[in-house]
Amino acid sequence: MRKNRNNRRLRLRSKMRPVFSLTLALVLSSFASAGNLEPLKAAPVPENNPQTPAKIELGKKLFFDRRLSGDGTMNCATCHNPELAFTDGLDISLSYPTTKNWRNSPTLIDSAFRKYLFYDGRAKTLEEQALFPMMSAFEMNKNLDYLEEQIQLVPEYRAEFSKVFGGEVTRERIAMAIAAFERTLISKSTPLDRYLKGDESALSEDAKKGLVVFKGKGKCIECHDGADLADDRFYALNVPENPKLLDDPRVTTTMRFVAKVYHYDGYRSLKEDPGRYLITKDKKDWKAFRTPTLRYIAKTAPYMHNGVFETLDQVIGFFDRGGGEGNTVLKPLGLSPDEKRYLKTFMAEALTGEDIVIKNPDVP
Ligand code: HEC
Ligand code: HEC
């Protein structure tokens with residue numbers, strides 16, 4: 001018995017060793033890369049969903065098609081409006097009639113680069129992600145079996161699915177086409193990219209000073225690095241809760257509903273957003289959220305997973321104070337008023353590119 005157990009332990013340990021050294025290597029490599037900003041490169045495309053012009057066009061139509069919502073009033077652009085950098089400009093996002101959302105609508109720009117999607121990282125690919133809002137009771141509230149039949153009956157869609165996928169309408173193919181469209185929503189001529197490629201004149205003097213604070217005293221680069229200005233990790237910064245979470249019964253309902261769906265036992269008494277914990281059930285992920293991109297930040301207010309900060313000044317103040325009450329991640333920064341101003345100028349001027357203009361497609 002004992003011998004057996006030891007054997008098992010040994011087997012486990014030898015299995016774990018490569019995992020451990022891999023983790024170590026990853027940790028080390030992430031330290032090595034922290035502190036770098038990189039210009040945007042071509043977006044990665046998964047092998048099983050190659051980009052084609054016809055698929056992108058189909059995805060665009062579906063993105064704007066109100067058939068994707070239960071009552072026919074909403075499409076993806078309702079909450080990811082191209083004119084608001086693919087957000088809806090609200091603290092807590094729009095929702096299916098009679099319900100209320102509980103989180104802020106993030107930008108879709110450069111989402112092709114993200115390793116995790118959603119503030120809690122519950123989806124890993126755009127294909128997987130796209131089915132969530134359609135099914136979600138407080139977003140589009142659509143039955144997907146019904147949707148497949150509805151789309152299949154539209155002759156134009158039938159012809160396009162056949163051309164693009166060589167087959168009929170399925171929910172997976174709907175998601176694949178939408179994902180292909182989303183992969184075309186890429187930052188355009190962002191001053192930071194031009195600067196990093198050698199164009200000194202792309203940033204004003206104040207923005208350059210802000211970049212110095214961003215990389216130095218402000219320590220922003222420790223998490224907002226790489227091309228997406230985000231490290232694909234999760235941190236519990238203890239951002240204050242949005243008062244609506246408990247003051248508006250519809251928001252409380254949504255929070256507890258999601259917690260129940262994710263098998264959180266105490267959902268009936270839940271009073272705060274558990275963040276990544278809902279997905280991993282790992283204590284260290286309690287109230288942890290994914291580092292968001294800072295691209296197009298000038299156009300994506302309000303900020304944070306719950307939209308609790310309306311301005312960049314408020315966000316900078318939050319980090320300067322050392323984050324939210326009781327967090328163990330951040331320390332006070334002691335930035336001077338000038339340093340805060342430079343930092344804001346850097347974020348507002350350098351990280352937002354040209355508008356990504358989408359001509360509304362003719363939805364069949
Ligand atoms: C009713 C509002 C609403 C609608 C409609 C909606 N979304 Fe969202 N979307 C959100 C909110 C809110 C989040 C963040 C939720 C979270 O993290 O828990 C989100 C997150 C996302 C993300 C993750 C982005 C990131 O960086 O993490 C993608 C991608 C996305 N939505 C695409 C879509 C697509 C595609 C559709 C249409 C099929 C759609 N959304 C419809 C509100 C909406
Ligand atoms: C330890 C990692 C970490 C550091 C350091 C950090 N951030 Fe963040 N940042 C995050 C996380 C995580 C969030 C999302 C928190 C949430 O949604 O509750 C965030 C959110 C933001 C947002 C809001 C983005 C949005 O779209 O809602 C801005 C702006 C921002 N950070 C700027 C900064 C600046 C400026 C600094 C330096 C002064 C900085 N961050 C330092 C991890 C970090």
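Everything numeric here is computed off the predicted structure, so don't read it as measured data.

1. Some words on empty space enclosed by the protein
- Tallying each qualifying case throughout the model produces 2 cavities of 30 Å³ or more.
- Considered as a void within the structure, the largest cavity measures approximately 40 Å³ in volume.
- In this structure, the largest cavity is lined by Ala236, Leu237, Asn238, Val239, Glu241, Lys287, Phe289 and His305.
- Split by residue class, the lining of the largest cavity holds 4 nonpolar, 2 polar and 2 charged.
- There is about 30 Å³ of room inside the second largest cavity.
- In this structure, the second largest cavity is lined by Ile92, Trp102, Glu241, Asn242, Leu245, Asp273, His305 and Asn306.
- Along the lines of polarity and charge, the residues of the lining of the second largest cavity split into 3 nonpolar, 3 polar and 2 charged.

2. Re the coordination of the iron atom of ligand 2
- Protein coordination of the iron atom of ligand 2 is limited to a single donor, His224 (NE2), which sits 2.1 Å from the metal.
- Tracing the sequence through the fold places His224 in the loop between helix H9 (205–215) and strand S1 (234–235).

3. Looking at the site of ligand 1
- Surveying the vicinity of ligand 1 reveals 28 residues, the closest of which are Cys76, Cys79, His80, Arg103 and Phe118.
- Arg103 is positioned with one of its side-chain polar atoms (N or O) 2.9 Å from an oxygen atom of ligand 1.
- One of the side-chain nitrogen or oxygen atoms of Arg122 is found 3.1 Å away from an oxygen atom of ligand 1.
- Of all the secondary-structure elements, those providing two or more residues to the shell around ligand 1 are helix H3 (76–79), helix H4 (126–135) and helix H7 (171–182).

4. Focus on the domain arrangement of the protein
- Assigned domains of the protein: these are domain 1 (53–182) and domain 2 (191–350).
- A C-alpha centroid distance of 25 Å is found between domain 1 and domain 2.
- Taken together, the contacts link 30 residues of domain 1 with 33 residues of domain 2.
- Between domain 1 and domain 2, the buried area comes to about 2,700 Å², and carbon and sulfur atoms account for 61% of it.
- When the buried surface of domain 1 facing domain 2 is broken down by residue, Lys100, Trp102 and Tyr119 rank first, second and third, together holding 26% of it.
- For the pair domain 1 and domain 2, the interface holds 5 salt bridges.

5. As for the layout of surface pockets
- Looking at the second largest pocket, its volume works out to about 180 Å³.
- In terms of lining residues, the second largest pocket is bounded by Asn81, Pro82, Glu83, Ala85, Tyr296, Lys299, Asp355, Ile356, Val357, Ile358 and Asn360.
- A breakdown of the residues in the lining of the second largest pocket according to their chemical character gives 6 nonpolar, 2 polar and 3 charged.

6. Quick notes on the coordination of the iron atom of ligand 1
- Of all protein atoms, just one serves as a donor to the iron atom of ligand 1, and that atom is His80 (NE2), at 2.1 Å.
- Tracing the backbone shows His80 in the loop between H3 and H4.

7. Details of the pattern of salt bridges
- Summed over all chains, the structure comprises 29 salt bridges.
- The partner of Asp65 in a salt bridge is Arg67, with the nearest N and O atoms 2.8 Å apart.
- On the accessibility criterion, Arg67 (22% relative accessible area) is partly exposed.
- Its salt-bridge partner being Lys188, residue Glu354 comes within 4.0 Å of it at the nearest N-O pair. Of this pair, Glu354 sits in the segment after helix H14 (337–350) while Lys188 sits in the loop between H7 and helix H8 (191–196), placing them 166 residues apart in sequence.
- The exposure class of Lys188 is partly exposed, given its relative accessible area of 39%.

8. Focus on the confidence of the model for the protein
- Summarising the model, the protein shows a mean pLDDT of 92, and 90% of its residues fall at 70 or more.
- Confidence drops under a pLDDT of 50 for residues 1–33, and excluding neighbours within four residues, the segment shows 3 contacts in the predicted structure.

9. Quick look at H7
- Between its first and last C-alpha, H7 extends 16 Å over 12 residues, near the 16 Å set by a 1.5 Å rise per residue.
- Counting buried positions along H7 gives 9 out of 12 residues, so the element sits mostly inside the fold.
- By the burial criterion, the buried members of H7 are Ile174, Ala175, Met176, Ala177, Ile178, Ala179, Ala180, Phe181 and Glu182.
- Buried residues belonging to H7 abut helix H2 (53–63), H4, helix H5 (144–152) and helix H6 (155–165).

10. Topic: the packing of aromatic side chains
- Here the structure, examined in full by the defined rule, presents 13 aromatic pairs.
- With 6.5 Å between their ring centres and 70 degrees between their planes, Tyr157 and Phe161 make a pair best called edge-to-face. Taken as a pair, Tyr157 and Phe161 lie in helix H6 at a separation of 4 residues, close to a single helical turn.
- Classification of Phe161 by relative accessible area gives buried; the value is 0%.
- Ring centres of Tyr264 and Tyr277 lie 6.1 Å apart, and the angle between their planes is 85 degrees; on these two criteria the pair is classed as edge-to-face.

Thresholds, definitions, all that
- All residue numbers refer to position in the chain's written sequence, counted from 1.
- Chains and ligands are labelled by the order in which they are written, letters from A for the one and numbers from 1 for the other.
- Where totals are concerned, whole chains, interfaces and linings use all residues; where local detail is concerned, this predicted model gives features only for residues with pLDDT of at least 70, and gives and counts side-chain atom pairs only at 80 or more.
- No hydrogens and no water enter the side-chain calculation; it runs on all heavy atoms of the structure.
- Only protein atoms enter the calculation, which uses a 1 Å grid: trapped sets of points that fit a 1.4 Å probe without letting it out are cavities, open sets showing protein on both sides within 12 Å along at least five of seven lines are pockets, and any residue with an atom within 4 Å of a point is a lining residue.
- Grid points are joined across faces, edges and corners, and a volume is the space filled by probe spheres set on the points.
- Residues were grouped as follows: Ala, Val, Leu, Ile, Met, Phe, Trp, Tyr, Cys and Pro as nonpolar; Asp, Glu, Lys and Arg as charged; and all remaining residues, including Gly, as polar.
- Metal sites are built from N, O and S donor atoms within 2.8 Å, or 3.2 Å for Na, K and Ca, and they leave out water, so they may look incomplete.
- Counting from the N terminus, the helices are DSSP H or I runs at least four residues long and the strands are E runs at least two residues long.
- Here, proximity means that at least one heavy atom of the residue falls within 4 Å of the molecule or strand.
- Whenever two N or O atoms come within 3.5 Å, that pair is a polar contact, provided that in protein one can donate a hydrogen and the other can accept it, and provided that, for residues adjacent in sequence, both atoms are side-chain atoms.
- Residue ranges assigned to the domains are those given by an automatic or database domain assignment.
- Working rule for contacts: check all heavy atoms of both residues, and any pair within 4.5 Å makes them a contact.
- Summed over both partners, the accessible surface that disappears when two parts come together, traced with a 1.4 Å probe, is what is meant by buried area.
- The salt bridge criterion pairs a side-chain nitrogen of Lys or Arg with a carboxyl oxygen of Asp or Glu, the two atoms within 4 Å.
- For every residue, the accessible area (1.4 Å probe, protein chains only) is compared with the maximum for its type, and the residue is labelled buried under 20%, exposed over 50%, or partly exposed between those bounds.
- Each residue carries a pLDDT value, the predictor's own confidence for that position, ranging from 0 to 100.
- Here a helix's expected span is defined as the number of its residues, less one, multiplied by 1.5 Å.
- Planes of paired rings set the category: under 30 degrees apart is stacked, over 60 is edge-to-face and the rest tilted, where pairs are Phe, Tyr or Trp rings (Trp by its six-membered ring) whose centres lie within 6.5 Å.

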